Amino acid sequence: MVPNFARDASAAWLNGWEAHVHAPLARFRQKRVDAGLAAFPGLGFLPPGGVPIKFKPRLKRPLAAPGLDPSLGRIGNLEVRLATSVPDIRRAQRLRYRVFYEEMSAIPTGMTLLARRDIDDYDTVCDHLLVIDHAATEAKPFRKPRPKVVGTYRLLRQDAADRNFGFYTAGEYDIAPLLAANPGKRFLELGRSCVLKPYRTKRTVELLWAGIWAYVQHHRIDAMLGCASLEGTDPDRLAVPLSFLHHHARAPDAWRARALPGRYVAMDRLAREAIDPKAALQALPPLIKGYLRVGATFGDGAVVDHQFGTTDVFVVLPVSAIAARYIDHFGPAANRRAA
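Keep in mind that what you see is a predicted model, and the values were worked out from it rather than measured. (Residues numbered from 1 in each chain as written. Predicted model: local features only at pLDDT ≥ 70, side-chain atom pairs only at ≥ 80, totals over all residues. Heavy atoms only, no water.)

Caption draft 1: Quick look at the overall build of the protein. Counting secondary structure elements, the protein contains 10 helices and 10 strands. The burial tally for the protein puts 42% of its 339 residues in the buried class. Residue pairs in contact within the protein that sit at least 24 positions apart in sequence constitute 74% of those at least 6 positions apart. Summing over all exposed atoms, the protein offers an accessible surface of approximately 18,700 Å²; the carbon and sulfur share of this is 57%. (Helix = DSSP H or I, 4+ residues; strand = E, 2+ residues; numbered from the N terminus. Buried < 20%, exposed > 50% of the residue type's maximum accessible area, 1.4 Å probe, protein only. Contact = heavy atoms within 4.5 Å. Areas by Shrake-Rupley, 256 points an atom, 1.4 Å probe, with all protein chains shown as cover.)

Listed below in structure tokens is the structure:
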């Protein structure tokens, strides 16, 4: 007789399942029932005094705020919009990885390198602003091509910060006196901003600001704060832009935050009269120049971030300080649509 290997293997598998999986589970369940306990507590089998592991539910609802259209503006092929799904956030994280870790000199952890995404705990409690190029697509095997994400910003409202981890900026600056000096005001933290190199143009920056302005109006924000970065970790090589910000754009006392002790780096590395303002402006990143244009001011002291290879400065922008010409500009820009 020719042995039936498939039949014999199937019988052996069933016998093994019965002896080593099903029977022990049945005995475990019966013991719990006999003891007056639930047969299978929660999602696992807990010893006496054990704490069940709680898994975060899979996100199904839209992420955008009720009453706020996720699409916040469009100029030509470029659209600024809020992320409305977990895949949208992952696309923002991949863009951040590409800019911070591949183009710039950020040092990835093992998990960051494996995922090829810039990820932290704040991503789950923030809103994410995306700039999408509808004329360019991202194609992956077995997936429908999608318009390319070319820019992103992370937005953290004060109510969400208070419910969770606080503001990210508090890891570098003492912002408690600033918040205490402005009671009742609603703050919005701006962070993790990046734009792909070919898109670092005035149009992209304006579109990002149009999206931020629409968000600020919807949530009735009173002031924005956050950290902005200059590339490099040697403050002496950044003496011109740092000194310019210190002497020409320092925040008033009630709006100024100071770098934390132990991380404080003096910004007044050059005397005021030694600075050529025109040359200093040219040395500033486009994002910081954009902050200056709309009326932002800067804190006391810089902070060197060795992981990201940057020197950070504190930025604050009360909505009341935004020049009227920019409010008029960003208002209509937020409603532009491609022809």
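That was the structure; now back to the text.
Caption draft 2: Focus on the packing of aromatic side chains. By the definition in use, this model includes eight aromatic pairs. Between Y122 and Y168, the aromatic rings sit 5.4 Å apart at their centres with planes inclined by 80°, giving edge-to-face as the arrangement. Highlighted residues: Y122 in the loop between α3 (110-115) and β3 (127-138) and Y168 in the loop between α4 (158-163) and β5 (173-174), separated in sequence by 46 residues. Residue classification places Y168 among the partly exposed positions, given a relative accessible area of 32%. In textbook terms, an aromatic cluster arises when at least three aromatic residues are bridged by ring pairs, as seen for Y97, F100, Y101 and F308. Taking the ring centre of Y264 as reference, the NZ or CZ of R258 above it sits at 4.1 Å. (Phe/Tyr/Trp six-rings, centres within 6.5 Å; stacked < 30°, edge-to-face > 60°. Lys NZ or Arg CZ within 6 Å of the ring centre and 35° of its normal.)

Caption draft 3: Highlighting the pairing of strand β4 (residues 146-157). Among the 12 residues in β4, nine count as buried, and that is most of the element. Sheet topology note: the β4/strand β6 (residues 187-195) ladder contains six bridges and is antiparallel. Bridge assignment links R157 to a residue of β6, and that residue is L188. (Pairing = 2+ DSSP bridges.)

Caption draft 4: Inspection of the nonpolar core at higher detail. Core analysis: the biggest nonpolar cluster contains 66 residues, and L129, M224, L245, Y291 and V313 have the highest contact counts within it. When residues in this core are grouped by element, the largest group, eight residues, is from helix α6 (residues 202-218). When sequence neighbours within four positions are dropped, the list of residues in contact with Y291 reads Y153, L190, W209, A228, A296, F298 and V315. Ranked by size, the runner-up nonpolar core spans 20 residues in total, among them C126, L178, A251 and V316. (Core = buried A, V, L, I, M, F, W, Y, C linked by side-chain atoms within 4.5 Å.)

Caption draft 5: Summary view of the pattern of salt bridges. Using the criterion set out here, one finds 17 salt bridges in the structure. In this structure, the salt-bridge partner of R154 is D123, at a minimum N-O distance of 2.9 Å. Remark: D123 occurs in the loop between α3 and β3 and R154 occurs in strand β4; sequence separation between them is 31 residues. Like R154, the residue D123 is buried in the burial classification. The partner of D159 in a salt bridge is R163, and the shortest N-O contact between them spans 3.9 Å. Of this pair, D159 and R163 both sit in helix α4, four residues apart, roughly one helical turn. (Salt bridge = Lys/Arg side-chain N within 4 Å of Asp/Glu carboxyl O.)

Caption draft 6: Broad picture of helix α2 (residues 86-103). Between its terminal C-alpha atoms α2 stretches 25 Å, which fits the 26 Å expected from 18 residues at 1.5 Å a residue. Where α2 is concerned, the buried positions are D88, I89, R91, A92, Q93, L95, R96, Y97, V99, F100 and Y101. Looking at the buried residues of α2, the elements they touch are α3, β3, β4 and β6. (Expected span 1.5 Å × (residues − 1).)

Caption draft 7: How the structure looks around the environment of R98. Following the sequence through the fold, R98 ends up in helix α2. Overall, the relative accessible area of 40% leaves R98 in the partly exposed class. Taking the C-alpha atoms as reference points, R98 and D118, 20 residues apart in sequence, are found 8.6 Å from one another. Apart from residues no more than four positions distant in its own chain, R98 is found in contact with E103, K148 and L196.

Caption draft 8: Fine view of helix α9 (residues 286-294). Burial in α9 covers these residues: I288, G290, Y291 and V294. One side of α9 carries all its buried residues, which in axial view fall inside an arc of 155°. Just beyond α9, the residue with positive phi is G295, at close to 115°. (Arc of directions from axis to C-beta.)

Caption draft 9: Structural view of unusual backbone geometry. You will see that R116, though not glycine, has its phi angle at about 55°, which is positive. Positive phi, normally seen in glycine, also occurs at R192, with a value near 50°. By secondary structure assignment, the location of R192 is in strand β6.

Caption draft 10: The environment of I275, seen in detail. Mapped onto the secondary structure, I275 falls in the loop between β8 (258-259) and α8 (277-283). Non-local contacts of I275, meaning those with residues more than four positions away in its chain, are made with S243, F244, H247, L270 and A280.

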